[in-house]
Amino acid sequence: FGWKLILAGIVTSLAFFYSTEIGVYAFITCGVFLFLLGFTQKGVSGRKRPLPLCCYLTGVFLGALPFVVYFGLHGALDDLVRNSYVQLVYQIPTWGLQFPPLSSFLAQLNAEGLKSFQSETFRWYLPVLFYLIAATYLLHRALQGIFWSSESNAKLLLLLLAGITLFRTALGRSDSPHLVYGATMMWFIWIFF
């Protein structure tokens, strides 16, 4: 269990240096999932166990270490941090689009308004609907106390977290090509159900 998580952390670090946003998406998705796994599931001794998250973070550190050393030796570590910060802060103002207002569709419930909804607005709100359905199902399983008893629940949680993270966040792009990436997780969730 531990070496696979360390390897996953190394791959996340490599993903960050390939594409900042992909690395951040992977880090957030895996980190949140492992946090929930470690602090909601009891270990053999009956205590909460943060070990999965610790193994993953160790892998992230090991994967980033060669890059950090390289940039540090060349005096460019501050540039790496600054460029990553600038990309993440200005991602939405540069490439982001606002959600089409649902109220404008509801105000014009005629044939043209329906056509506009199907072509533009629907693709923005359909993934949100799927994510809400999946989250409601997982919450229901958690309230019953049988969330971790099924491996399928953990898989669905991973798909849900990845979908939410990729679809539209403060880090993500919301232009048409990137909207397709987030919708991919929606279809995975649909197939999974």
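Everything numeric in this text was worked out from a predicted model, so none of it was measured.

Caption draft 1: A look at the overall build of the chain. Secondary structure summary: the chain contains 8 helices and 0 strands in total. Counting from the amino terminus, the chain carries its helices and strands in the arrangement α-α-α-α-α-α-α-α. The buried share of the chain, reckoned over its 193 residues, is 35%. For the chain, the share of sequence-separated contacts (at least 6 apart) that also reach a separation of at least 24 residues comes to 69%. Carbon and sulfur atoms provide 71% of the accessible area of the chain, an area that totals close to 11,900 Å².

Caption draft 2: The confidence of the model for the chain, seen in detail. This prediction gives the chain a mean pLDDT of 80; 70% of its residues lie at or above 70. Of all the helices and strands in the chain, helix H5 (residues 102-107) carries the lowest mean pLDDT, 65, while helix H3 (residues 51-73) carries the highest, 92.

Caption draft 3: Representation of a nonpolar patch on the surface within the structure. Together, Phe 27, Ile 28, Val 32, Phe 35, Leu 36, Phe 39 and Leu 57 give the surface a local cluster of nonpolar side chains, amounting to about 540 Å² of exposed area. Residue contributions to the nonpolar patch peak at 6 residues, all from helix H2 (residues 20-40). For Leu 36, the position within the fold is in helix H2. A relative accessible area of 30% means that Leu 36 is categorised as partly exposed.

Caption draft 4: Inspection of the environment of Gly 9 at higher detail. With respect to the helices, strands and loops of the structure, Gly 9 is situated in helix H1 (residues 2-18). Look at Gly 9 and you get buried, because its relative accessible area is 0%. Taking the C-alpha atoms as reference points, Gly 9 and Leu 57, 48 residues apart in sequence, are found 6.2 Å from one another. Residues in contact with Gly 9, not counting those within four places in the same chain, are Tyr 56, Gly 59 and Val 60.

Caption draft 5: The arrangement of H3 in detail. Its 23 residues give H3 an end-to-end C-alpha distance of 32 Å, which sits within 8% of 33 Å, the value for a rise of 1.5 Å per residue. Along its length, H3 shows its largest kink, about 40 degrees, at Leu 65, and proline Pro 66 lies within four residues downstream of that point. If you check which residues of H3 are buried, you get Pro 52, Leu 53, Cys 55, Tyr 56, Gly 59, Val 60, Gly 63 and Ala 64. Residues of H3 that are buried in the fold lie against H1 and H2. Among the residues trailing H3, Gly 75 stands out with phi positive, at a value near 65 degrees.

Caption draft 6: Region of interest: the nonpolar core. Residues Phe 33, Leu 34, Tyr 131, Leu 138, Leu 157, Leu 160 and Ile 189 are the most contacted members of the largest nonpolar core, which totals 24 residues. No other element matches the 7 residues that helix H7 (residues 151-167) contributes to this core. Residues within four places of Leu 157 in sequence aside, it is in contact with Phe 33, Leu 36, Leu 138, Phe 147 and Trp 148.

What counts and how
- Position numbers for residues count from 1 along each chain, tracking the sequence in the order it is written.
- Only residues with pLDDT of at least 70 are given local features in this predicted model, and only at 80 or more are side-chain atom pairs given and counted; all residues enter the totals for whole chains, interfaces and linings.
- No hydrogens and no water enter the side-chain calculation; it runs on all heavy atoms of the structure.
- The helix and strand labels rest on DSSP assignments: H or I over at least four residues marks a helix, E over at least two residues marks a strand, and numbering proceeds from the N terminus.
- The classification of residues rests on relative accessible area computed with a 1.4 Å probe and restricted to protein chains. Under 20% of the type maximum is buried, over 50% is exposed, and intermediate values are partly exposed.
- The contact criterion used is simple: two residues touch if any of their non-hydrogen atoms lie within 4.5 Å.
- A 1.4 Å probe and the Shrake-Rupley method give the accessible areas. Residues count as covered only by the protein chains that appear here.
- The quantity called pLDDT is the predictor's confidence in a given residue, expressed from 0 to 100.
- Nonpolar side chains (Val, Leu, Ile, Met, Phe, Trp, Tyr) within 5 Å and like charges within 9 Å form the patches, drawn only from residues with over 30% relative accessible area and no salt bridge.
- The working definition used for a salt bridge is a side-chain nitrogen of Lys or Arg within 4 Å of a carboxyl oxygen of Asp or Glu.
- The span expected for a helix works out to 1.5 Å for each residue beyond the first.
- At every residue, the bend is computed as the angle between two fitted axes, covering the seven residues ending there and the seven beginning there respectively.
- We define the nonpolar core as a collection of buried residues of types Ala, Val, Leu, Ile, Met, Phe, Trp, Tyr and Cys that are connected through side-chain atoms lying within 4.5 Å of one another.

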